[in-house]
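If you want the building blocks of each chain, they are given just below.
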Amino acid sequence: MWDMLLLLGESWKARDTGAADLERLLTVLSSKTKKSPGTLEMLSNRDAIVDPNTSLEARLKSTLFSKTTVNPERVAIYLYSQLKRCELEASVVERFEHHVRDAETRVRKHITGSVLALHNEASATCTSPLQDCDRSLLLLLCDSILLFHNDDKHLLATAETTYLRLQSSCAVDEQLRVLQDIKKGTSPDPALFGAGREECPACDTEIKLENIQEATCANGHTWQRCSVTLLVIADFHPRTCLGCGRKTLMVPDAQAGASTLPGTTATSWLEVVLRAHSLCGYCGERFYTALRRRA
Ligand SMILES: [Zn+2]
Ligand SMILES: [Zn+2]
């Protein structure tokens, strides 16, 4: 991987990044993103030695970043974000873009799957009451699987487990029915997702999950969604990735009261997930934040 970065870095210095270099890079990236069963086996073995006493956020961070499953995708996304800043022929950028769209989908599925799997595992042994923000977070992630990744059986099974865990406290019967239909081969109708999981920060009308980047309410107010949690960003100063520029919610301020979640001082799943993302989930770069003025 570093060879590729060096190769690209060198040619940038010489300001002659050409189609040939990019072709080579694309070839290497595509070969790296084809996983061999051997690698997966190695990774699951490494999983097994994670200390169960590690905090929830450390475990999530390890699943998200230490495993190498989507690291080639992250490199591709990072390089693409840098390439867009160079003066390159549109056709070259377009070819790269096509590859990067696939990489982004794989990373998105990795984040969603990792968060829900950890929640399902932790909530199997310990049922602590969920906060409102966690309900929105978990339901949005599950809904996104039904709407955008419903060809992935593994993710569908993960979503089903989460919905069943939430069934006692949320209205998810419709989603569970849609999920059964998907299993039978019917594609879901987005209109079936009647209950929006969020409200517009400006006018309180319902916002539906229509795409993972943006959210628009019935009155036309448009918001960006958090790159990690998919929640609407109403904060004027979210974290911004230095590499790809994606926006991510700030880690919420510590809440009063002890945590009811096992193995963490965080008081919500939202906090666990955002703490685990000290780096950009998509490209692995650091974040910057505009200074906040405190009253
Ligand atoms: Zn609105
Ligand atoms: Zn990034």
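Keep in mind that what you see is a predicted model, and the values were worked out from it rather than measured. (Residues numbered from 1 in each chain as written. Chains lettered and ligands numbered in written order. Predicted model: local features only at pLDDT ≥ 70, side-chain atom pairs only at ≥ 80, totals over all residues. Heavy atoms only, no water.)

**Digging into the coordination of the zinc ion (ligand 2)**
At step 1: Within the protein, Cys 241 (SG), Cys 244 (SG), Cys 280 (SG) and Cys 283 (SG) serve as the donor atoms for the zinc ion (ligand 2), at 2.2 to 2.4 Å.
At step 2: Coordination at the zinc ion (ligand 2) is tetrahedral: its four donor atoms span angles of 93 to 116 degrees at the metal.
At step 3: On the basis of relative accessibility, which here comes to 9%, the residue Cys 283 falls in the buried class. (Donors = N, O, S within 2.8 Å, 3.2 Å for Na, K, Ca; no water. Tetrahedral: all angles 85-135°; square planar, octahedral: opposite > 155°, others 65-115°. Buried < 20%, exposed > 50% of the residue type's maximum accessible area, 1.4 Å probe, protein only.)

**Quick look at the side chain of Arg 74**
At step 1: For Arg 74, the location among the structural elements is in helix H5 (residues 71-83).
At step 2: For the buried Arg 74, no salt bridge is present, and the opposite-charge side chain at shortest range is Glu 73, 8.0 Å distant.
At step 3: Each residue touching Arg 74, except ones within four places of it in the same chain, is listed here: Leu 64, Phe 65, Val 107, His 110, Cys 280, Gly 281, Tyr 282, Cys 283 and Gly 284. (Helix = DSSP H or I, 4+ residues; strand = E, 2+ residues; numbered from the N terminus. Lys, Arg positive; Asp, Glu negative; His and termini not counted. Salt bridge = Lys/Arg side-chain N within 4 Å of Asp/Glu carboxyl O. Contact = heavy atoms within 4.5 Å.)

**Some details on the nonpolar core**
At step 1: Core analysis: the biggest nonpolar cluster contains 61 residues, and Leu 60, Leu 146, Tyr 163 and Trp 269 have the highest contact counts within it.
At step 2: If you list the elements that add at least two residues to this core, you get helix H4 (56-66), H5, helix H6 (90-125), helix H7 (132-148), helix H8 (153-166), helix H9 (173-183) and helix H10 (269-276).
At step 3: Ranked by size, the runner-up nonpolar core spans six residues in total, among them Cys 200, Ile 207, Ala 215 and Val 232. (Core = buried A, V, L, I, M, F, W, Y, C linked by side-chain atoms within 4.5 Å.)

**Section: the coordination of the zinc ion (ligand 1)**
At step 1: Donor atoms from the polypeptide that bind the zinc ion (ligand 1) are Cys 200 (SG), Cys 203 (SG), Cys 217 (SG) and His 221 (ND1), placed at 2.0 to 2.3 Å.
At step 2: For the zinc ion (ligand 1), the four donor atoms are set out with angles of 106 to 113 degrees between them, so the coordination reads as tetrahedral.
At step 3: Along the chain, the residues that donate to the zinc ion (ligand 1) are spaced as C-x2-C-x13-C-x3-H.
At step 4: Residue classification places Cys 200 among the buried residues on the basis of a relative accessible area of 1%.

**What to know about the sheet that holds strand S6 (residues 247-248)**
At step 1: An order of S6-S5-S7 is seen for the three strands of this open sheet, with the pairing classed as antiparallel. Edge positions in the sheet fall to S6 and strand S7 (287-288), since each has one partner strand and no second. (Pairing = 2+ DSSP bridges.)

**Some points on unusual backbone geometry**
At step 1: Notably, Asp 204 is not glycine yet its phi reads approximately 65 degrees, a positive angle.
At step 2: You can see Asp 204 is positioned in the loop between strand S1 (198-199) and strand S2 (206-207).
At step 3: Of note, the phi angle at Leu 230 is positive, near 70 degrees, even though the residue is not glycine.
At step 4: The topology assignment puts Leu 230 in the loop between strand S4 (222-224) and strand S5 (239-241).
At step 5: Since its relative accessible area comes to 1%, Leu 230 is described here as buried.

**As for the packing of aromatic side chains**
At step 1: Counted by the stated rule, this structure contains one aromatic pair.
At step 2: Summarising the aromatic geometry, the rings of Tyr 80 and Phe 96 are spaced 6.0 Å apart at their centres and angled 10 degrees between planes, so their arrangement reads as stacked. Linking Tyr 80 in helix H5 with Phe 96 in helix H6, this pair joins segments that are 16 residues apart in sequence. For the pair Tyr 80 and Phe 96, one class covers both residues: buried.
At step 3: The lysine or arginine in question, Arg 239, covers the ring of Phe 287, its NZ or CZ lying 4.7 Å from the ring centre.
At step 4: If you follow Arg 246 out to its NZ or CZ, it ends over the ring of Tyr 282, 4.1 Å from the centre. (Phe/Tyr/Trp six-rings, centres within 6.5 Å; stacked < 30°, edge-to-face > 60°. Lys NZ or Arg CZ within 6 Å of the ring centre and 35° of its normal.)

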